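Commentary on secondary and tertiary structure
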Amino acid sequence: MSDVRQLLVAGAAALGGADGRFEAELLLAHALGRSRTWLFAWPEYVPGEAQRAEYERLLRARRDGEPIAYLTGSRGFWSMDLAVSPAVLIPRPETELLVELALARIADDRAVDVADLGTGSGAIALALARERPQARVLATDASADALAVARSNAQRLGFGNIGFALGDWCAALGASRFDVIVSNPPYIEAADPHLAEGDLRFEPASALASGSDGLDAIRTIVAQAPEHLRENGWLLFEHGWNQGERVRALLSAAGFDTVHSVRDVEDRERVTLGQIAR
Ligand code: GLN
């Protein structure tokens, strides 16, 4: 009979790599319905047969490449624990830069209208709704399955200042206008070999890739957003490290002012923003 300590040693060896031990802890905790810290308090606990079988199933799936976040069904973002499923992109830490830049443009003393296009798990919309209780955040997605994940996250976290709309990019917004529109759209080139590596193999292609140069979704958003922004409204979106110059040109051509890109902690252009001054 193996106890927690032995199962973790075996799991770390089965997964290998620098993260093997940490991932084994996450998977065993999930199989037991406990927290990771619980494992450290009960190293001699002997899981039952069903729990052990579940742990072994999770280890096999992880060895086959399935992302940890899909196996445990959750991922942390902006200090929230978000439910995720294969219907949504797994939230990335680098996207917190987009949240910070949006927050700097959302006043905290009045009802600012904000839209998050292609919300996926709801990560960006929920972070903004949480930091700006007076804002009204509309989260959109073209996938009903993704929107269901975002909606359940909002319900579980108890946020009342967030709404949901199904549809492609600005088509989901109807005739409404917003003060701030944010998005983490797909922006990877369709032929990029990274799409066949790591977690990306398991994530929705529609959330990652966007045409031969990766800019199809961004072109659509930049073209549509001016009609949905109030005077002095901001459009901010994430993009690939080598797309800054091209997306700034798209924004300027569409009539945006104050167009500029912001670099992430790795000193790569990660977010570009522009303002509509009519
Ligand atoms: N930053 C993600 C990656 O390269 C892509 C996310 C996206 O396309 N929006 O893994």
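In case you missed it, the structure is sitting above this.
What this report covers is the structure whose coordinates are included nearby. Since the model is a prediction, treat every value here as computed from it, not as a measurement.

Per the counting criterion, the structure on display carries two aromatic pairs. With 5.3 Å between their ring centres and 80° between their planes, Trp38 and Tyr45 make a pair best called edge-to-face. According to the relative accessible area criterion, Trp38 is buried, its value standing at 16%. Through a chain of ring-to-ring contacts, the aromatic side chains of Trp38, Trp42 and Tyr45 assemble into a single cluster.

Attention now goes to the pattern of salt bridges. One pass over the structure, following the stated rule, counts 19 salt bridges. The shortest N-O distance in the salt bridge between Glu23 and Arg62 comes to 2.8 Å. With Glu23 in helix α2 (residues 20–32) and Arg62 in helix α4 (residues 49–63), the pair connects residues that are 39 residues apart, well separated along the chain. Since its relative accessible area comes to 13%, Glu23 is described here as buried. Connected via shared salt-bridge partners are Asp113, Arg136, Asp179 and Arg230.

This next bit is on the side chain of Asp113. Among the structural elements, Asp113 can be located in strand β3 (residues 113–117). Within the structure, the side chain of Asp113 is placed 3.1 Å from the side chain of Arg230, a separation counted as a polar contact. Contact partners of Asp113, with chain neighbours within four places excluded, come to Arg136, Arg177, Phe178, Asp179, Val180 and Arg230.

It is the contact of helix α6 (residues 96–103) with helix α7 (residues 123–131), at a shortest axis distance of 10 Å, that shows an interaxial angle of 40°. Accordingly, the angle class assigned to the pair α6 and α7 is oblique. Of the two elements, α6 crosses α7, and the hand of that crossing is right-handed. Residues Leu98, Val99, Ala102 and Leu103 of α6 lie in contact with α7, whose contacting residues are Ile124, Ala127, Leu128 and Glu131. By residue class, the composition of the contact of α6 with α7 is seven nonpolar, no polar and one charged.

Rules used throughout
Residues numbered from 1 in each chain as written. Predicted model: local features only at pLDDT ≥ 70, side-chain atom pairs only at ≥ 80, totals over all residues. Heavy atoms only, no water. Phe/Tyr/Trp six-rings, centres within 6.5 Å; stacked < 30°, edge-to-face > 60°. Buried < 20%, exposed > 50% of the residue type's maximum accessible area, 1.4 Å probe, protein only. Salt bridge = Lys/Arg side-chain N within 4 Å of Asp/Glu carboxyl O. Helix = DSSP H or I, 4+ residues; strand = E, 2+ residues; numbered from the N terminus. Polar contact = N/O pair within 3.5 Å; in protein donor to acceptor, adjacent residues only side chain to side chain. Contact = heavy atoms within 4.5 Å. Axes fitted to C-alpha atoms, helices over the stretch in contact; angles between N-to-C directions. Parallel < 35°, antiparallel > 145°, perpendicular 65-115°, else oblique. Left-handed = near helix turned anticlockwise from the far one by under 90°. Nonpolar A, V, L, I, M, F, W, Y, C, P; charged D, E, K, R; others polar.

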